[in-house]
Amino acid sequence: MFVSKRILFFKSKSNGYMLFCGNSNSFYQIDEDNVPVIQNMIDTGDESKLPDDIREEFIKSGVLLKEDDESLFNRLKYISYLTRFDNKTLTLTIAPTMACNFSCSYCYEGERVKNLIMSDSVIDGLINFIKRGNFENLNVTWYGGEPLCAWNKIVKLNSEIKKLNLKTYIQRIVTNGSLIDVEKIKFFIENDFKMVQITLDGNEEIQNKRRPMKNGESSYKTIMANLDLAYKYCKENNKKISIIIRINIDKENIDIYPQLYQMLSERYENMFYIYPAFVQKYSETDCHAHNCLSFQSSAEFILNLSKKHGIYSYNLFPRQNIIVGCPAQRVNTFVVDTDGNLYKCWDDICMPERKLGDVINGVKDTYNLNPLFVMNGSGFEKEKCKNCLFLYSCLGGCSRSQFNNAQANYEINPTCKVIKNNPQAFLEEYYELKMRKSS
């Protein structure tokens, strides 16, 4: 057996010795009696003196490997490429409209947002584009603009896609939540939407300032009323809906998150998943750039959520390991705008210089963006990522941010997980939070 190098063995401040393995995100508290033999295993590579039960557990979790780390890396990289070049699965982010009824202060689409709605001819072209690929599986995320501004187009496209009789058809939607009603709630449930993401950035004052509605109404009251509606419908009809409430965090609203989280959790009895996301800047000249948190501030925020408020965030502990870090790294992943133009990334939508083709004429990719994302977008291709403890749960972070940073020749936005620079503090806090919740 080989002792993996992708492990962290340390003595915590208050919980004794701990061991984390990045091959499986396994995390152990180690008894004092077993510390010498484990330390010897790490120092010498000799695992023969381990107790049988620990040895068996370490084999399951990847602390002990049947192949060396380099071989495991190459094998997983190979599997990643098989997945990236899968010809059976198509992933589409579809914007049935670029119109939006909000004027969010940090909207990256900016002047690209036009009051355009997808025409029936583009819908026909999109359906034919799916047919031509002979795909078995389709993943769709409805996007915009505000996609529910073109509700009838979503319904029509959904109906046409179902006629294709694909093996699997999975739907998600990213919406501001202002146009949700009972009809749409039923639609999401009946069509088994895997995610309905709604953004809510604070209390009424903060939300209405950051994400105002163009008609002057309170976006906060509107969204809360619609969340109430979804909650009530599910409770009364014994239904489930996967609503995710995203709270975009920057310096302006960082202090309100714990209060907002607690209010939403109690009000909806933990029916909806709530998480923080850090507002990104697209250049130093962005009007909101000065409000964006630094990497260090983001890390401190996640730690303090747990330490001071007992709130878990997915950033506190690595998520499950992955083979592909971002859908854009798959050869058959595209973003479709209202004109039927194709792009690789959400950030690129309606930018002519980042267009890959269109649904009528197919993929042309003048700028070779598909090879860029597919062949260079993953942590498997980054030398700085190769030996990272968290490689298999991160895979290099956002590909678009990587390319933007490289082009600018400085880090516009960090691509690493906040746990990376202080893993011991994050891991110990995660352990202590679990202990507090179980007691």
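The structure under discussion appears in the preceding block.
A few points on the structure. (Residues numbered from 1 in each chain as written. Predicted model: local features only at pLDDT ≥ 70, side-chain atom pairs only at ≥ 80, totals over all residues. Heavy atoms only, no water.)

**Some words on the sheet that holds strand E4 (residues 26-30)**
What counts is decided by this rule: When DSSP finds two or more bridges between two strands, those strands count as paired. In this text, helices come from DSSP runs of H or I with a minimum length of four residues, and strands from runs of E with a minimum of two, each type numbered from the N-terminal end. Convention adopted: a line fitted to C-alpha atoms gives each axis, helices being fitted over their contacting stretch, and angles between N-to-C directions are expressed from 0 to 180 degrees. Between two residues, a contact is recorded if the distance between any of their heavy atoms is within 4.5 Å.
In space, the three strands of this open sheet follow the order E2-E3-E4, with antiparallel pairing throughout. Because the sheet does not close on itself, it has two edges, and the strands there are strand E2 (7-11) and E4. Averaged over all pairs of adjacent strands, the angle between strand axes in this sheet comes to 15 degrees, irrespective of strand direction. Relative to strand E3 (residues 17-21), E2 runs antiparallel, the two sharing five bridges. By the bridge assignment for E3, Phe9 is matched with Leu19. Strands in contact with helix H1 (residues 35-44) are E2, E3 and E4; relative to E2, the strand with the most contacts, it is inclined by about 140 degrees.

**Details of the pattern of salt bridges**
Put simply, the rule reads: We define a salt bridge as a contact between a side-chain nitrogen of Lys or Arg and a carboxyl oxygen of Asp or Glu at a distance within 4 Å. Only protein chains enter the area calculation, which uses a 1.4 Å probe; residues under 20% of their type maximum are buried, those over 50% are exposed, and those in between are partly exposed.
On inspection of all chains with the given rule, the structure shows 22 salt bridges. Of the charged contacts, one joins Asp192 and Lys194 as a salt bridge, the two residues approaching to 2.8 Å between their closest N and O atoms. Of the residues examined, Asp192 reaches a relative accessible area of 46% and is grouped as partly exposed. By relative accessible area, Lys194 is classed as partly exposed at 39%. In this structure, the salt-bridge partner of Arg210 is Asp201, at a minimum N-O distance of 3.1 Å. For Arg210, a relative accessible area of 1% corresponds to the buried category. Each of Asp201, Lys209, Arg210, Asp250 and Glu252 takes part in salt bridges that share partners, so that together they form one network.

**Here we look at helix H9 (residues 257-267)**
Quick note on the threshold: By construction, the arc corresponds to the directions joining the helix axis to the C-beta atoms.
Among the residues of H9, those classed as buried are Tyr257, Pro258, Leu260, Tyr261, Leu264 and Ser265. For H9, the arc enclosing every buried residue in end-on projection is 165 degrees, short of the 170-degree limit, so these residues lie on one face. Seen from the open side of H9, the exposed residues pointing more than 90 degrees away from its buried face are Gln259 and Glu266. Tucked inside the fold, the buried residues of H9 contact helix H8 (219-237), strand E10 (243-249), strand E11 (273-278) and helix H10 (295-309). Immediately beyond the C-terminal end of H9, within one or two residues, lies Glu269, with a positive phi of roughly 50 degrees.

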